[in-house]
Amino acid sequence: MNINDKDGRKIVDIIQRYAQKHSLWVLAYGTGCGAIEIPPTMTSRYDAERFGITGRPTPRMADVLLITGYLATKTLKRVIRSYEQMQSPKYVIGFGSCTINGGMYWDSYNTIKSLDHYLPVDVYINGCMPRPEAVISGFVKLQEMISDGSANGWEKYRDNLDLYRSQQKEVIKNWQMPDYNW
Amino acid sequence: MSFDWIKLLGFIVTPLIASAVGFTYMGLSRKVTARVQNRIGPGVSQSFIDVVKLYSKKTAIHHGVMQHMGPVFAITASVTTLFFIPILKDSIFFANFSFRGDLIFLMYIMVFGQLGMALGAGQTGNPNSAIGVSRGLSQMVGYKVPYVLALIAIMVNFETTNLQELIAVQDGFRNWMIFQMPVASLAGMLAFLGFMMYAPFDVPFAPSEIASGPPSEFGGKYLALMMTSRSIFTFVKLVLFVDLFFGGASSFIELLIKTFVLYLFALFVGLVNPRFRTEQSIQFWWKWPAAIGILAVLLVAWKG
Ligand code: SF4
């Protein structure tokens, strides 16, 4: 019997997943009005730091990209750049109905409707706007997905980069982004 | 020179203990901060979890050789500094490399890590890093002044530059440096606040202002290395100040109690203060702490 195996998983994997699950550093991308629910989630009333969830100022340090609400095509560009600068494993949480189907901006001329077409979303939190309880339950869902290994949006993005790029270029007309290697 | 197995073992064990203690203190500080802010806060092991997560990141990006080397310089400097500090009184195991004149050497080597980090952060090309580095180095010019003045006063008074001899001088509670030389100790303790870089002196990091400054382009394993280096360096600073002003420690329990109280002192000052602007911070250091330091030197000169 190999001591490195437990239920077919490596011990190292178990430790790494445990750490990844309990330390989620969030880059809160306050794109929409839903962002107003982030401060109460982080501060003393709901205290998300209990779960190891803390805000981080730069994409390089962050694990979770929290997209709070509608995305104009202009902001989408910045979101994509931020996402690509994050170090994998990285996760995306779409927050509010605007990221799911456009919400109340569904027929707006310059917002995107479904975030899923442009970035791999791991967890959606619905509601307009979701309360902090809902936000925390979304994070707990993400933690469950990390521990059973199904939060692999970053692999999906890496493998289907061409597809995502073409969809991104469809809405961002003047695509002038550097070809950097993240 | 005979080869000393006990010492070799000490070299291996000391950094591990130092980083473990440093991470525990960082976790405790988050807990204390949370309690002060009326939150529950993360567990004490949160810093360990964070650093394991960072080490298990699958990608790491750097923008050039110097950014690659920066964290390595920082951790090298932390470990080197650790080796020149007598951690426990009269212990061969933890005396490490401390030698005659080590205090002067420490003054120099303690800057090395920050310089390495500055070089690394400089290469990232991120304006926030550059601002953070320039702020950090200018603040260092500020708090080094009272620190060096306090050390000069102490070294001249006891006519020694050896840390172990200084610990030996402070035998017994009443002979602690803070009672023997209160003025120099006051300057030294104020400089300690600058060393710990909690508010109001967290000018270089300023997360809400310049996106955490120097480390803002570091992710994954680079950040993990920097956090490890920071945990070791926190321990180094605490032990150094315990050795200098609080009579060292003869057992590990004593060391942990003393260092933790010292850590809480810096943390509590940080928790109730907002952040200085850069020039306010430097003005502060060059005004009162520096004046107290000069007074301490004058007192020693007048006495001797
Ligand atoms: S889902 Fe509602 S609260 Fe959130 S961004 Fe859209 S309109 Fe605003």
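This text gives an overview of the structure that appears in the document. Here the structure is a predicted model, which is why all the values come from computation and not from measurement.

Calculation rules
- Residues numbered from 1 in each chain as written.
- Chains lettered and ligands numbered in written order.
- Predicted model: local features only at pLDDT ≥ 70, side-chain atom pairs only at ≥ 80, totals over all residues.
- Heavy atoms only, no water.
- Pairing = 2+ DSSP bridges.
- Helix = DSSP H or I, 4+ residues; strand = E, 2+ residues; numbered from the N terminus.
- Axes fitted to C-alpha atoms, helices over the stretch in contact; angles between N-to-C directions.
- Near = heavy atom within 4 Å.
- Nonpolar A, V, L, I, M, F, W, Y, C, P; charged D, E, K, R; others polar.
- Contact = heavy atoms within 4.5 Å.
- Salt bridge = Lys/Arg side-chain N within 4 Å of Asp/Glu carboxyl O.
- Polar contact = N/O pair within 3.5 Å; in protein donor to acceptor, adjacent residues only side chain to side chain.
- Buried < 20%, exposed > 50% of the residue type's maximum accessible area, 1.4 Å probe, protein only.

What follows deals with the sheet that holds strand β5 (residues 64-68) of chain A. All names here are of chain A. Read from one edge of the open sheet, 5 strands run β4-β3-β5-β6-β7, paired in parallel fashion. The open sheet has two edge strands with one neighbour each: β4 (53-55) and β7 (123-125). On average, adjacent strands in this sheet sit at an angle of 30 degrees to one another, irrespective of strand direction. In the sheet, strand β3 (residues 24-29) pairs with β4 via 3 bridges, with the strands oriented parallel. Paired with Leu-24 across the strands is Ile-53, a residue of β4.

Every residue near the ligand is listed here: Cys-33, Gly-34, Gly-69, Tyr-70, Gly-96, Ser-97, Cys-98, Met-104, Tyr-105, Gly-127, Cys-128 and Met-129 of chain A. Residues of the shell around the ligand, tallied by class, amount to 7 nonpolar, 5 polar and no charged.

It is worth spelling out the interface of chain B and chain A at this point. Facing 31 residues of chain B, the contacting portion of chain A comprises 28 residues. Across the contact surface, chain B and chain A share 6 salt bridges. Among the ionic pairs, Lys-57 of chain B bridges to Asp-63 of chain A, the shortest N-O distance being 2.4 Å. The interface formed by chain B and chain A holds 16 residue pairs in polar contact (both at pLDDT 80 or more) in total. Every element with two or more residues in the side of chain B that touches chain A is listed here: α2 (46-55) and α11 (220-245) of chain B. In terms of residue count, α2 of chain B provides more of the side of chain B that touches chain A than any other element does, 6 residues in total. Within the side of chain B that touches chain A, the residues separate by chemical class into 13 nonpolar, 11 polar and 7 charged.

Moving on, we come to the pairing of β5 of chain A. Residue and element names in this part refer to chain A. Extensive coverage of β5 is indicated by the burial of 5 of its 5 residues. What you see with β5 is no split at all: Val-64, Leu-66 and Thr-68 on one side and Leu-65 and Ile-67 on the other are buried throughout. Relative to β5, β3 runs parallel, the two being bridged by 4 bridges. Of the residues in β5, the one forming a bridge with Val-26 is Val-64. Judged from the 5 bridges that link them, β5 and strand β6 (residues 91-95) form a sheet pairing that is parallel. The partner of Leu-66 across the bridge, within β6, is Ile-93.

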